[in-house]
Amino acid sequence: GLNLLSCFTMALQKLFSKRVLALVSILLIAILAYTTNLQELVAAFSRARPELVAVALLASVFSLAFKTLRWNALLSEKGKVGLPFLFAVQTSGMAVSNLSPGKLLEPVKVLPLKQHGFSYSFLVTSVFWERAFDLTVIFLLASWSLAFLDSRATTLFAILTAGLLTAIAIMF
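Every chain is numbered on its own, with residues counted from 1 as its sequence reads. Local features in this predicted model are restricted to residues whose pLDDT is 70 or higher, and side-chain atom pairs enter the listing and the counts only when it is 80 or higher, whereas totals over whole chains, interfaces and linings include all residues. Think of the side-chain values as coming from all heavy atoms in the structure, minus any hydrogens and water.

### Observations concerning the overall build of the chain
Here is step 1 of the chain: Looking only at helices and strands, one finds seven helices and zero strands in the chain.
Here is step 2 of the chain: Written out in order from the N terminus, the α and β elements of the chain read α-α-α-α-α-α-α.
Here is step 3 of the chain: Three exposure classes are used, based on accessible area relative to the maximum for each residue type with a 1.4 Å probe and protein chains only: buried under 20%, partly exposed in between, and exposed over 50%. Counting over 172 residues, the chain shows a buried share of 26%.
Here is step 4 of the chain: Summarising the internal contacts of the chain: among those between residues at least 6 apart in sequence, 61% fall at separations of at least 24.
Here is step 5 of the chain: With residues, only the protein chains shown are counted as cover, and all accessible areas are computed by Shrake-Rupley using a 1.4 Å probe. Accessible area for the chain stands at about 11800 Å²; split by element, carbon and sulfur atoms hold 73% of it. Only DSSP runs of H or I with at least four residues qualify as helices, and only runs of E with at least two residues qualify as strands; both kinds are numbered from the N terminus onward. We call two residues in contact when some of their heavy atoms are within 4.5 Å.

Okay, structure coming up:
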């Protein structure tokens, strides 16, 4: 029988067709454009140093490449996907995810991978693990930053780090 996760992912697939996703993205961009002071935005871009913009864009490409490699490692348990294809899936998934409230649409990025023989439940689980890894790094960096900013938080940092590492060890 179908488990709850499979039913959820099948419902997501039906609910979020390509047309609906395109419409939601266009609507969100329109809302963003409407609520943004475009003159201020253009002025900020005109003051930006091109070499720093290039470095920032390059850093984003490397970040996506590392996320793709990480996701490939997670997927390798059940099958193989070409890295260029997976990079395209990851990039488009990040774009859709970043345009949705709370990154709600992130699991939609798994849909193109169904054609490679992966089950929806496995793919959605891999997205969960991706998010868990991201949150772990963010949590550790935030805890370290707190300890750096206030030396009294060093003990708290040590406790939180030990707790997080213990939770990760238990999950595996």
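### Some details on the nonpolar core
Here is step 1 of the chain: Side-chain atoms within 4.5 Å link the members of a nonpolar core, which is a set of buried Ala, Val, Leu, Ile, Met, Phe, Trp, Tyr and Cys residues. Counting 16 residues, the largest nonpolar core has W71, L75, L86, V110, L113, F118 and L123 as its most contacted members.
Here is step 2 of the chain: Sorting the residues of this core by element identifies α4 (50-75), α5 (83-98) and α6 (120-149) as the ones contributing at least two each.
Here is step 3 of the chain: The leading source of residues in this core is α6, at seven residues.
Here is step 4 of the chain: Apart from the residues lying within four places of it in its own chain, the contact partners of L86 are T68, W71, N72, L75, V81 and L113.

### Topic: the confidence of the model for the chain
Here is step 1 of the chain: Confidence along the chain averages 81 in pLDDT terms, with 85% of residues attaining 70 or more.
Here is step 2 of the chain: What pLDDT expresses is the predictor's confidence in each residue, scored from 0 to 100. Confidence, read as mean pLDDT per element, is least for helix α1 (residues 4-15) in the chain (56) and greatest for α4 (93).

### So, the pattern of salt bridges
Here is step 1 of the chain: In what follows, salt bridge is the name for a side-chain nitrogen of Lys or Arg lying within 4 Å of a carboxyl oxygen of Asp or Glu. On inspection of all chains with the given rule, the structure shows six salt bridges.
Here is step 2 of the chain: With its nearest N and O atoms 2.9 Å apart, the salt bridge here joins D134 to R70. Here R70 lies in helix α4 and D134 lies in helix α6, a separation of 64 residues in the sequence.
Here is step 3 of the chain: Residue class for D134 comes out buried when judged on its relative accessible area of 15%.
Here is step 4 of the chain: Among the residues examined, R70 registers a relative accessible area of 23% and is labelled partly exposed.
Here is step 5 of the chain: Put simply, K109 and E130 hold a salt bridge, and the shortest N to O gap is 2.8 Å. In this pair, K109 is assigned in the loop between α5 and α6 and E130 in helix α6, connecting sequence segments 21 residues apart. Both residues of the pair, K109 and E130, count as buried.
Here is step 6 of the chain: Connected through shared salt-bridge partners, K67, R70, K109, E130, R131 and D134 make up one network.

### Digging into the packing of aromatic side chains
Here is step 1 of the chain: Under the pairing criterion, centres of Phe, Tyr and Trp rings, with the six-membered ring standing for Trp, must be within 6.5 Å; the plane angle then separates stacked pairs below 30 degrees from edge-to-face pairs above 60, leaving the rest tilted. The final tally for this structure, using the stated rule, is three aromatic pairs.
Here is step 2 of the chain: Ring geometry for F118 against F122: centres 6.0 Å apart, planes inclined by 10°, an arrangement best described as stacked.
Here is step 3 of the chain: Judged by its relative accessible area of 2%, F118 falls in the buried class.
Here is step 4 of the chain: Clustering of aromatic rings is evident, with ring pairs tying together F128, W129 and F133.
Here is step 5 of the chain: Look at NZ for Lys and CZ for Arg. If either is within 6 Å of the ring centre and within 35 degrees of the ring normal, a charge sits over the ring. Positioned over the ring face of W71 is K109, at 4.5 Å from the centre of the ring.
Here is step 6 of the chain: The ring of Y120 has K114 lying over it, and the distance from NZ or CZ to the ring centre is 5.2 Å.

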